[in-house]
Structures are given as structure tokens and as C-alpha cells.
Amino acid sequence: MTSSSQQLLRSHRDLLLSWTREHPAPLLRWLHDAEVLPRARYLSLLEISPSNAVAQALEAVSASEQSSQRFLQVLAEVQDYYGRDLQLWVERHCRNEAPKIQEAPAGRQDKKPKSPFSKLFKGKSMDFTLPAQHQGKNELNARKNMKSGNIRLAISAHKTTLLKRTEQLKSYSEGEGGSANSASHIEIRYTDLFVTEDNEFVDGNRHEYFDLASRRARIYVHQACQRIRPSHLLAPQEPSGRPPKRVKVKGIAGIGKSVAVQRLLYEWAIGKNMREFDCVFDLRFRELNLANGPVSLMELLSERFRYLKEVLGDLFTSPSSLLFILDGLDEFKFPLSWNNQAKDIGIDSKVPVSELMVALITGSLLPESSVILTSRPSTEAPKRLFQRCCVVLGFEEEQVKEYTYKFYKNTQVADKVYDYILNNDSLFVLSFIPLYCYIICTAMAEFFSSQNQDGEVERSLELNPPRTVSEVYFCYLFTAVKHHALKGTTDRNTTKAQVLSLAKQQLANLGKLAYENLLQKKIMFDKNDLEKYGVSPADVQSTFLCQILQPLKEETVEMYSFFHLTVQEHLAALYCATNLSTQDDVLQALDLWCFGKPPSSSASPLRDTELHMDKLEGLQMFTRFFMGMLRARLAGHLEGLVDCPVEEADGLPAVVGAWFRDQFKERRLQNLEALNLLHCLMEFHMEDTTSVAAPEIKRLNLFKMKLSVVDCAAMHYVLQFSPHKLQELNLGYSNIGNRGLSRLGPILHRCESLYLRYNCLDRQAAILESAILKSNECQVKKLFMCGNNLGPEGVLELWNALEHNTTVEELYLDITGITERGTQNIVQCLSKNTALKTLTVVGNDIGEEGRRRLQQLQRCRPHLRIIANFVDDAGLLQAYLDWVEEIRADRDQMESVKNADALRSVLRGLQVAGEVQAENAQKARELQTKITQLLEPLR
């Protein structure tokens, strides 16, 4: 080079700016990854205009010779994204530059068979010159170069189009000032997801949110799950070491599947991930719904990617270098047949689009190509067809924090909102779903934003931040309506009722659409569906409806859905709460939604209603929303939406309380039904109601229900209003953890039989339980703590608590991590206790000294039954045999790390047992054999 890199950049600044300013994303990202631009500077550049971003980047990198050289190396790597003039400039000026930068692996970089075009997308040679020895040798090479050039241009156009489509995350926020959210670039807003291997277990009757919450409760504490970054979905698998060709990714609505796909496409288009693929085709099932006639894959792709039409034939000569991303199988309107004998389908075969998709997914068409399929859990796509099946579990706690701080530019506001989420059980449990995070952050913005752009302190038309789920959703809805009605201002002369009245008719129409289709599990609507309910598709873009309804269209697709399933449920609940005007209407509605009893009322939400029993559990979230909105109506918060008050409104809380009381008293409630009623009472949040219902709850059995902290909060809220003791609270295998137990703490002393087996509890839980046992109000008679990791320090706390306790008669501490140290004070404490009659400590490694102490305790307390070996008690052996059978039948339990550890403890206990009574010997051998068989695959 005749001049330094620094001088070169400064002298050609205007030219470089003109070539790159239209689309600076690839250049900026590669400069960041090459450590030329610090991350903070990189993110700030993404938020300004493209021209200014490039200008500032050029100014920064030309500040030194070293950064100028790095810039030229990066420019050579990304030249294909820009015009021919820039490519010629790179060839002329960068021929003798230092070797190109070594990219840190952003994903899988394993080698694959070379395709005829693979070299086109790997950048230039070491000195950034074109391979002149291959130019113009003969006519054949000339034709090859022309074909390669055409492909190169087409792929470049494809990548540029993808970048323009994927670099912005859609933001639904309106308005000005603190509540607006402009940080929508994918690099700024995207937060990675927790993805793990899937076991394909889906409870089709349950609301998908509750099924996922149950899955998370088990995985987080129990499973040795493999966390998979979305960018590593196609990473090689053990033990074969080969990358999977077919990958299924499932997750509930709003969990982030489509955004993860958007991120993958962006990363490929920018050259930072999945570089082993020459071309990536993204197809959305909602678009494929338009293909009513037979179509070939070639025709489909030619129409979808018109700039690739001329080179598709050439691309298909190397199918292993192609990736198909098929997004949203649950939105596909055509039935799929997975079991029909595969037809001989080629890329030019014209078949129904459903057959085409099945052929592509199963591999009967283009088997060497790779496919990533996304879907909601309710959609069937047999696991046998895929080499990897994953489930998206949303955010972990740290990612919720990351998302919150990315949502707000003001870190002080982010601090306040995140702290509020963290300390509110209802919001915290919702926040692991990315879209819930968005709804919560949108709802919270104006409560915690201190000032607007003019420096004036802002005040919300609402008085207090929302606490319950219903309040969060109503706040989100009100925020959307207010921003539209007031054009982003907060005019204190406008009342909340006036704001709501402006949207009254639209909300009524929208709510009826939401409700009547919710009963039929319908979540996708066409233009005619909307117009049937008086909803204008044109309003979806021009009013607050843009935050409620989502147009699912590109080009000619005309389908709509609610922004999220729960938004549909909330709008449906609001509609019902504003249209049920008598006490009898409310009770008939609850009978219908909770237990399927046909109504006789002529109220519009109950008229001509057909509801199948198998759809009831899918209405649980809706029913909770309804109770919250009914409370809002009684409190006057829905003024502007209702024309008349509820008849005898003053007496409604007591009447509703009597209805709940009767359900607990007269019905044999299933655990899901009981839990839902507790949540409904918490959302209604009226003492007059809960005080009537709570005393009738004598037993609560939620065994093997995977419970969240908010479930524990609902139990605590209701049971605190009962003056009586609870005969039994069974939370065995519920994964409540320390946080859940702490939430229940204030009511645990009133439980006669308290089952806390296998709940991921540790020493802190033992300390909490010890305080309960020391309480003068303690009524606990049976305490089951088996399978928790209390450890020696935890059980020492329990022994101390039992020294003066006069209520506990049975204590079960099987497999709780008691060691020899854990028996240190057992004789001193329990020899003074006169109430305890049965103590089990099997499955613990208490050592010789521990066994000696137990013998000493037995001499002091001859009437205390101590079970230290599994073989000492036939009933205990049978209980563990039954448990092993449950594990064998339940795949979730089979994959549980904690259960594997517990099984090993049982096995050790059987192996070190002394003499066995004849009647117990056979059961002991049977138990030992079955546990050995269960553990064999885990070795």
C-alpha cells in the first residue's frame, strides 16, 4: 500500500460512507466482534440513523493506524453485502493487508462436504485478492464464474432482504415520553431463551401456561437438563458427533419461538451463525395457508424468494448446504398426515401444500437438507421424525432482569420495575414468558417513570401499580386505550372513566369475539370473523387495537390473532364482567366455566352457549381473569364501560363466597379444580367472600401438582381466612422449594398432617419448619419431610424444635441427608419429648455413632417407634415398592436426578441392613432388584 490504512480511510471517507450507509448492520456487527467497536458504542450506533452510524464508526476507527487496519480487514469480510464498486475498491486497496480476523465461534463451525458454492460465502483469501489464476482460463471456467457470480448476487440480495426484515423487533408501544419504547433493534432488545431437550409429555386438556409451569417446576430443580442456546440447535449430538438434520422446537404462545427464529435468520444473514449453510429459507405456516392448489417446492420458493428464482436449481444441486426454517405449525389450517406411505415427491412435483410440508419435514423430500420446525405443544409432529426435540422454557430469573433493563433506557426505572416484579409473586411467576415480560413492563412503565421529556413529573390516571394478574392485564389494556385516546399525553382533566368510554364499543365487540371463540378454542380469525363482531380490520393499524390484535399477514395473507392467548382470555373476561348484571348470572357463569353446568340465563355471555367438558381446564386462566374483572367492576374501576350497576351489588361478595363454600363442601374436587378455585378467590381479593368459603376447606390434596410460588400465595391467601385447623395439606412432589414454603409459612402451624415430601427443601426450610414446631399455636401431628436435602444442620434444628413440642406424633425424615453429625443432639432433645410416637430416618448415612445414639434414645423412650432400616417395617417396604412402580411408569420421574439419588440411598440402606425378618426378606429382595434395574441405564 502506498499510504497508511489510517490515511486511506480518511481520504476515502465519503466514498465508503456512500457505499455502506444504506445498510450498516453487517459492518457494525463485524466491527464489534472484531473488538474494533466496544459494545456500548456499538449499541448506541444501532439506535441512530444509518448514515450517522457509519459516519461515527468511520471517525472512531480512523483514530489510529491499528484500528484502521482492523477496519479494512472487516470490510473485506463483509464486502458482499455492498455494491460492486466497494468490492473493486477492496480488491484494489486491501490486497496486501494482514491476514483476516479470526472470528470467535458464534455457533457450530464444524466442517461439512464442500458444495460447489460454499467458497463463495467464506470471504476472501488471506490477502483479500480474487483468485486470478482461475479467471479466464477457458470458456467452461468463464461459464462457471458467471453462474457463481449470479448465485453470489442472489444470495447477497437474500441476506440483505433478511437483514431488513429481521433487524427490528416489533414494538407495540405507542405514545411519547417515558412510556414509549424505541430500543427495538434486535441486537438491543433480544434476550436469549432457556431451551432444553423435550420429553414430549403434554397434557392436552390443561391450559398450556399451567402445563409449562409444571414442566419448569420439575426441570429447574430436578433434571440434569442440557441447556441449548437457540444458535446451537443444529450443533452435533452425542454420541454420534453428527449434527441433526431434523429439529423440532416447541413452546407455548408468547414464549419466544418466532423471535428466536428471527434471531437465527438475522445471525445467518449477518454472517455470524450457521455459516455452514449456503442458503436459509424461512417459511411461515400462516403464509402457507394461502396455497390452496397443488404447488411444487420450486414454485413455492420462487414466489416467496423471487430474487432467488434464477438460481434455485443450482442451489438444489447441493441440498446439504440448505436449511429450511418452518415457523408456526400450530397456525397451519390444513390437516397433516404423518402415517401415509411417502410418495415419490421431487422439487418439481406439484402436490397439496400439506403433503409438501410433510415430505420436507419427514425427509422424503430433500433428505440431506436441514429443517427446524417450530410449533406450540398442542400440535402433533411425531418425535420419531426428528433427531432433536427441544422445548422452550422462556426466561430464567437472570434473563428476566436482563430483559427489564433492555426494555427501559432509564436504569433507575428498570431498577424499580425489576424490584417490584421480584417482590410480587404473581408477576414474578408470569415473567418467565417473554411476552408476559413485555406486558408487565408496558403496564408498569408510567408508574415508575419519574418525568417526561420536558422534565415534568408524570402521574398516572391509575393510583397504584397493579398487584394481581388481572390488574396487570387491565393496566396494559388501559395504557393502550389511553395512549390512543389522549395521543400520548396525561391530561389530568380527563378521568379514567372518560378514557374508557372512548373505547367502549370497540372493547365490547372485541370482547365478544374473544369470548365466543375462546369457548371453541379458536385463536385465528379471518377478515369475515372480525367483521361479524363489528371489528374493522382497518382499525387494527390505526387505533389501540394494534396492541391487542396482531395481523398475521405478509403480502396477501389476511389472518388475525390476539397479541397473546392470555390477552384473548382477558378481553373475554372483561366482556363477561361487564355483561353479567345479576347475582344469579354470575353464579350460573361460574357453574358453566368451572364445572360445565349448562346455564338457563338469557344474559348475552350465557345465551346459546355450548361448552364441552374437555375444554373446561382450558378456561382456568379466563375464569381467574373474570373474578379479577368482576372485582374491578364492583370497585367502580370499569366506569365508562358499563351502563348499569350489578343488581344487589352489596350482597354479591357474600353470595359468591357461599358458592365457593358449597364447592369445597359438596364436591369431590380434583386437585386442578381446587387450585383454580383458590386462584379465583385470590383474584377476587375480597375478604367478605373468602371468609365465607375458607372455613369449609378441611383437606387440601395437591399431591404431585407442580406448584409455583404464586400457587402457594393463592393457598396462603385463602387459608389465612379460615379459623379452623386443616386436617391435611398434602404437597408431596410439588416442587415448592424454600420460596414456596416461606409463602405458606403463616398457615402451616394449623395443618394436622403436613406432607412436604420431595419438595426441594433445604436447611432454610428446616429452620422455617422448626419455628412452626416451636410455636405455641402449632397443631401439627404428622410431618412428612422425606426426600428433602435438609442436611445435618437442618435436622439439628428440627431436634431442637421437638424438645418442647407437644403435638407432633409422627415424623418422617427418610432420605434427608442426615449424617452422624445430624444425630448429635437427638438423644438430648427427643428424650425430653413425650408426644412423638413414630420416627423414621431410613436412607440416611448416620454411621456407627448415629446408630448408637438411636439405640440410646430407644432405651430412654421405649414407646417411641424408631425405624432406621428399610427392612424393619413391612409397610415401609411396601410403600417404597409402590413408589418404585410409580417411577417406572412415569418418565418424568425416571429422568429426575433427585429421584436417582434417592433410589441409590434406598439401595445402600438395603445393602447395609442387618438381619431381616422372614416376612420382610422377600419384599426387601424385590425392592433391591427393581431399584438396581431402574438405575442400570443411568450408569
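Parameters at a glance
- Residues numbered from 1 in each chain as written.
- Predicted model: local features only at pLDDT ≥ 70, side-chain atom pairs only at ≥ 80, totals over all residues.
- Heavy atoms only, no water.
- Axes fitted to C-alpha atoms, helices over the stretch in contact; angles between N-to-C directions.
- Helix = DSSP H or I, 4+ residues; strand = E, 2+ residues; numbered from the N terminus.
- Parallel < 35°, antiparallel > 145°, perpendicular 65-115°, else oblique.
- Left-handed = near helix turned anticlockwise from the far one by under 90°.
- Contact = heavy atoms within 4.5 Å.
- Nonpolar A, V, L, I, M, F, W, Y, C, P; charged D, E, K, R; others polar.
- Pairing = 2+ DSSP bridges.
- Salt bridge = Lys/Arg side-chain N within 4 Å of Asp/Glu carboxyl O.
- Buried < 20%, exposed > 50% of the residue type's maximum accessible area, 1.4 Å probe, protein only.
- Right-handed = clockwise from strand over helix to strand, strands pointing away.

### Structural notes on the packing of helix α27 (residues 620-634) against helix α29 (residues 671-684)
Think of two packed helices as two axes; the pair is described by the angle between the axes and how far apart they sit.
Move 1: One can describe the packing of α27 onto α29 by two numbers: an axis separation of 8 Å at closest approach and a directional angle of 25°. Taken together, the axis directions place α27 and α29 in an arrangement best described as roughly parallel. When you trace α27 past α29, the crossing you get is right-handed. On α29, the residues that touch Gln620, Thr623, Arg624, Met627, Gly628, Leu630, Arg631 and Leu634 of α27 are Leu672, Asn676, His679, Cys680, Glu683 and Phe684.
Move 2: A breakdown of the residues in the contact of α27 with α29 according to their chemical character gives six nonpolar, five polar and three charged.

### Quick look at the sheet that holds strand β11 (residues 699-701)
Move 1: One open sheet accounts for seven strands, arranged β11-β12-β13-β14-β15-β16-β17; its pairing is parallel. Every other strand in the sheet has two partners, leaving β11 and β17 (865-867) as the edge strands with one partner each. Each neighbouring strand pair of the sheet contributes to a mean axis angle of 10°, computed without reference to strand direction.
Move 2: The pairing of strand β14 (residues 782-784) with strand β15 (residues 810-812) spans three bridges and is classified as parallel. Considered in β15, the bridge of leucine 783 is made with leucine 811.

### Focus: the pattern of salt bridges
Move 1: Evaluated as defined, the whole model comprises 33 salt bridges.
Move 2: Residues joined in a network through salt bridges with shared partners are Arg29, Asp33, Glu187, Arg263, Glu267 and Lys272.

### Re unusual backbone geometry
Phi is mostly negative for residues that are not glycine, and the peptide bonds are mostly trans.
Move 1: For asparagine 735, which is not a glycine, the phi torsion comes out positive at approximately 60°.
Move 2: With respect to the element layout, asparagine 735 can be found in the loop between β12 (726-730) and α32 (737-748).
Move 3: For asparagine 735, a relative accessible area of 7% translates into the label buried.
Move 4: Even without being a glycine, cysteine 760 presents a positive backbone phi close to 60°.
Move 5: Mapped onto the elements of the fold, cysteine 760 is located in the loop between β13 (751-755) and α33 (763-774).

### Things to note about the side chain of histidine 158
Move 1: Mapping histidine 158 onto the fold places it in helix α8 (residues 139-166).
Move 2: Here histidine 158 falls in the buried class, since its relative accessible area comes to 0%.
Move 3: With residues near it in sequence (within four places) discarded, histidine 158 still touches Trp268, Cys279, Val280, Phe305, Tyr307 and Leu308.

### Re the pairing of β12
Move 1: β12 sits mainly inside the fold: four of its five residues count as buried.
Move 2: Sheet topology note: the β11/β12 ladder contains three bridges and is parallel. When the sheet's bridge partners are listed, asparagine 701 is paired in β12 with asparagine 730.
Move 3: On the question of chirality, the crossover connecting β11 to the parallel β12 by way of helix α31 (residues 709-719) is right-handed.
Move 4: In this fold, the crossover linking β12 to β13 by way of α32 has right-handed handedness.

### Section: the environment of leucine 592
Move 1: Residue position: leucine 592 is located in helix α26 (residues 583-595).
Move 2: What makes leucine 592 buried here is its relative accessible area of 2%.
Move 3: Separated by 18 residues in the primary sequence, leucine 592 and glutamate 610 have C-alpha atoms spaced 9.5 Å apart.

### Some remarks on the sheet that holds strand β6 (residues 370-375)
Move 1: Pairing is mixed in the open sheet, where seven strands are placed in the order β2-β1-β7-β3-β6-β5-β4. Only two strands of the sheet have a single partner each, and these edge strands are β2 (227-228) and β4 (279-284).
Move 2: Here four bridges tie strand β5 (residues 322-327) to β6, and the two strands are oriented parallel to one another. Residue pairing in the sheet places leucine 326 in a bridge with leucine 373 of β6.
Move 3: Along the sheet face, helix α13 (residues 297-304) touches β4 and β5 and points at about 90° away from the line of β4.

### Here's the deal with the side chain of glutamine 663
Move 1: In this fold, glutamine 663 is placed in helix α28 (residues 652-666).
Move 2: Discounting residues that sit within four places of it in the chain, glutamine 663 has contacts with Phe595, Leu669 and Leu677.

### Describing the pairing of β4
Move 1: Counted residue by residue, β4 has six buried out of six residues, so it is predominantly covered.
Move 2: Residues Cys279, Phe281 and Leu283 of β4 are buried on one face, and the alternating residues Val280, Asp282 and Arg284, pointing to the opposite face, are buried as well.

Purely geometric numbers; function is a separate question.
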